[in-house]
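Below are the chains, spelled out letter by letter.
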There are 2 protein chains.
Amino acid sequence: MEQTYQHARQLVAVDCIIFGYEDADLKVVAFQRKLNPGRGAWSLVGGWVNHDESVEEAAQRVLHEITGLENIFLEQVEVFSKIDRDPGDRVISVAFYAFMRIGQQDKKLVEEYGAHWFSLRELPELVFDHQDMLDKALDKLRRKASYQLVGSELLPDRFTLLQLRKLYEAIYQRELDPGNFRKKVLGLGILRQLSSKDMSESKKGAYYFKFKKAGTGQNMERIIKL
Amino acid sequence: MEQTYQHARQLVAVDCIIFGYEDADLKVVAFQRKLNPGRGAWSLVGGWVNHDESVEEAAQRVLHEITGLENIFLEQVEVFSKIDRDPGDRVISVAFYAFMRIGQQDKKLVEEYGAHWFSLRELPELVFDHQDMLDKALDKLRRKASYQLVGSELLPDRFTLLQLRKLYEAIYQRELDPGNFRKKVLGLGILRQLSSKDMSESKKGAYYFKFKKAGTGQNMERIIKL
DNA sequence: ACAAAAGTGTTTCGGCTACACCCATGC
DNA sequence: GCATGGGTGTAGCCGAAACACTTTTGT
């Protein structure tokens, strides 16, 4: 099924904004670019799209190569295709954002590639249009998190409502009322309370929660007003 | 600046969901495909992406070729890239939706290409994954229209609030309260009332309105609850 | 005793909904 | 006079926001 159509072909890439959560802060992965042009500059994680894979599969493959993880949560952001966005050649890039737990094992793998986790406010200047990609990704993440509870891919397996609230505060860069947040989130009915408590963050101890059937429960109720 | 990178190159296309509004109904353009495979099947408007244009520019060019119009309102929907989505070859397609006033002149141009305006409910089966594209586009349109007043590209230059409300009813396939819709929309402060009235739709006559400074005024207030 | 987070309850306020109601006019 | 859409007003409901208050326990 090759070459049915005769037309100019393009280099197609994927670039991934990898979000992580640590120390009550939203972070992203950037690494020092190894190719010219722009060698050494900070860049998002990216790679080429092959003939035998969709852009989603390409993104999964690229992320797997770097982190060793499979089935990473991915969301398409937008296509970036200005003809001179990459000074080296005409490259059409599909941006994705991904969620990843920041842990020791990933950290090591990530750092083998010269990659680092940056807090959003400490991010260095990024190469090409990668800052635009990040801005759009953040925008999309905020929109999504406003009507769907996110976090199962960023937080530990079990977590307290304090952790979840701090994550939301990091995403929106503003404080949320603890009582109201609790009522809202529990009212969604998509968290299951465990019998064990976390004793590290408070004297009284806070119950752990888990997401029921991760991924489903797309309940589209408004969580926070943008 | 060519061939800096050595990697497989892909056919990249754009496909456009062209929305129009007529007879209190939302419509889309489909036409009979001229290429094999799928020749004769109903298809969205599409074309290849050249080396010297972004995907947005490609979409504008394709729409211009068919309608003669320039500067059409366009919004990126999503990339469709399953490897077998087009049985003829591996084609990565970027879907867009566009707004277009349905008028005599466009109609003629459109029909020269074997294209027709279809009401959403009367749409024939579409080729490949074009129905998926349409579904996603509708989804995105509904989301956008819920927090930004749309319509300046679909309605005539000046329009009554009845027309605007009917457009929204067509988009969401449900009835909206006339009084509440009026208050909500006028409260946004992005419409300018003209001194002339439309006498065709009611005995009393309804004032015409225009969008202030079309395009700006992105005021992000919620218009309707999804 | 105090601080700090957990967890629950309460009050207030604003916006949305669902109407009621008058206006203007062609039939 | 009556039907139809234009246009305005309003009572009631519901959810969000703000915040008071009680619990628990480490220091």
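Rules behind the numbers
- Residues numbered from 1 in each chain as written.
- Chains lettered and ligands numbered in written order.
- Predicted model: local features only at pLDDT ≥ 70, side-chain atom pairs only at ≥ 80, totals over all residues.
- Heavy atoms only, no water.
- Near = heavy atom within 4 Å.
- Polar contact = N/O pair within 3.5 Å; in protein donor to acceptor, adjacent residues only side chain to side chain.
- Helix = DSSP H or I, 4+ residues; strand = E, 2+ residues; numbered from the N terminus.
- Nonpolar A, V, L, I, M, F, W, Y, C, P; charged D, E, K, R; others polar.
- Core = buried A, V, L, I, M, F, W, Y, C linked by side-chain atoms within 4.5 Å.
- Buried < 20%, exposed > 50% of the residue type's maximum accessible area, 1.4 Å probe, protein only.
- Contact = heavy atoms within 4.5 Å.
- 1 Å grid on protein atoms, 1.4 Å probe; cavity = no way out; pocket = protein on both sides within 12 Å on 5 of 7 lines; lining within 4 Å.
- Points joined across faces, edges and corners; volume = space filled by probe spheres on them.
- Patch = residues over 30% accessible without salt bridge, like charges linked within 9 Å, V, L, I, M, F, W, Y side chains within 5 Å.
- Areas by Shrake-Rupley, 256 points an atom, 1.4 Å probe, with all protein chains shown as cover.
- Salt bridge = Lys/Arg side-chain N within 4 Å of Asp/Glu carboxyl O.
- Lys, Arg positive; Asp, Glu negative; His and termini not counted.
- Charge placed at Lys NZ, Arg CZ, Asp CG, Glu CD.
- Least-squares fit on C-alpha atoms with pLDDT ≥ 70 in both.
- Buried area = accessible area lost by both parts, 1.4 Å probe.
- Phe/Tyr/Trp six-rings, centres within 6.5 Å; stacked < 30°, edge-to-face > 60°.

### Digging into the protein's contact with DNA strand C
And then number 1: Taken together, 16 residues are adjacent to DNA strand C, and Arg182(A), Tyr207(A), Asn180(B), Lys184(B) and Lys203(B) come closest.
And then number 2: The contact in question runs from a base oxygen of DNA strand C to an N or O atom on the side chain of Lys183(A), over 3.1 Å.
And then number 3: Between DNA strand C and Lys184(B), the relevant distance is 3.0 Å, taken from a phosphate oxygen to a side-chain nitrogen or oxygen of the residue.
And then number 4: Counting only elements with at least two residues in the surface near DNA strand C, the list comes to α5 (178-187) and β9 (206-211) of chain A together with α5 (178-187) of chain B.
And then number 5: Partitioning the surface near DNA strand C into residue classes produces three nonpolar, four polar and nine charged.

### Description of the nonpolar core
Side chains of a nonpolar character, in soluble globular proteins, are inclined to be buried together.
And then number 1: With 52 residues, the main nonpolar core has Val14(A) and Val14(B) as its most contacted residues.
And then number 2: Beyond its immediate stretch of four places on either side in the chain, Val14(B) contacts Val45(B), Gly46(B), Gly47(B), Val49(B), Val55(B), Ala58(B), Ala59(B), Val62(B), Ser93(B), Val94(B) and Phe96(B).
And then number 3: Within the second largest apolar cluster, 46 residues are counted, among which are Ile17(A), Leu138(A), Ile171(A) and Ile190(A).

### Quick look at the layout of surface pockets
And then number 1: Quantified by volume, the second largest pocket comes out at close to 610 Å³.
And then number 2: Contributing to the lining of the second largest pocket are 18 residues, with Ser146(A), Tyr147(A), Arg222(A), Ser146(B) and Arg222(B) lying nearest its centre.
And then number 3: Secondary structure elements with two or more residues in the lining of the second largest pocket: α3 (130-147) of chain A together with α3 (130-147) of chain B.
And then number 4: Tallied by class, residues from the lining of the second largest pocket come to eight nonpolar, two polar and eight charged.

### Some points on a positive patch on the surface
And then number 1: A contiguous patch of positive charge, built from Arg174(A), Arg222(A), Lys225(A), Arg222(B) and Lys225(B), is present on the exposed surface.
And then number 2: Residue placement: Arg174(A) occurs in the loop between α4 (161-172) and α5.
And then number 3: Given the relative accessible area of 37%, Arg174(A) is considered partly exposed.

### As for the relation of the copies chain A and chain B
And then number 1: With an RMSD of 0.0 Å, chain A superimposes on chain B once it is rotated by 180° and translated 0.0 Å along the axis. In the structure described here, the two chain copies are related by an operation that fits a two-fold rotation axis.
And then number 2: Most of the interface of chain A is mirrored in chain B: 100% of its interface residues are interface residues there too.

### Describing the interface of chain A and chain B
And then number 1: Between chain A and chain B, the residue contacts involve 41 residues of the former and 42 residues of the latter.
And then number 2: For the pair chain A and chain B, the summed buried area comes to about 3700 Å², and 54% of that belongs to carbon and sulfur atoms.
And then number 3: Between chain A and chain B we count two salt bridges in total.
And then number 4: Where Asp89(B) meets Arg9(A), a salt bridge forms, and the shortest distance between an N and an O atom there is 3.2 Å.
And then number 5: Residue assignment for the side of chain A that touches chain B shows that the elements contributing at least two residues are β1 (11-22), α1 (55-67), β5 (73-80), β6 (91-99) and α3 of chain A.
And then number 6: Taken together, the residues of the side of chain A that touches chain B break down into 17 nonpolar, eleven polar and 13 charged.

### Observations regarding the packing of aromatic side chains
Aromatic rings considered in pairs are described by the distance between their centres and by the relative angle of their planes.
All names here are of chain B.
And then number 1: Summed over the entire model, instances satisfying the criterion amount to 19 aromatic pairs over all chains.
And then number 2: Relative to Phe99, the ring of Phe73 lies with its centre 4.8 Å away and its plane at 15°, an arrangement referred to as stacked. Of this pair, Phe73 sits in strand β5 (residues 73-80) while Phe99 sits in strand β6 (residues 91-99); the two residues are 26 residues apart in sequence, bridging distant segments of the chain.
And then number 3: We classify Phe99 as buried; its relative accessible area is 3%.

The analysis is restricted to geometry; functional conclusions fall outside its scope.
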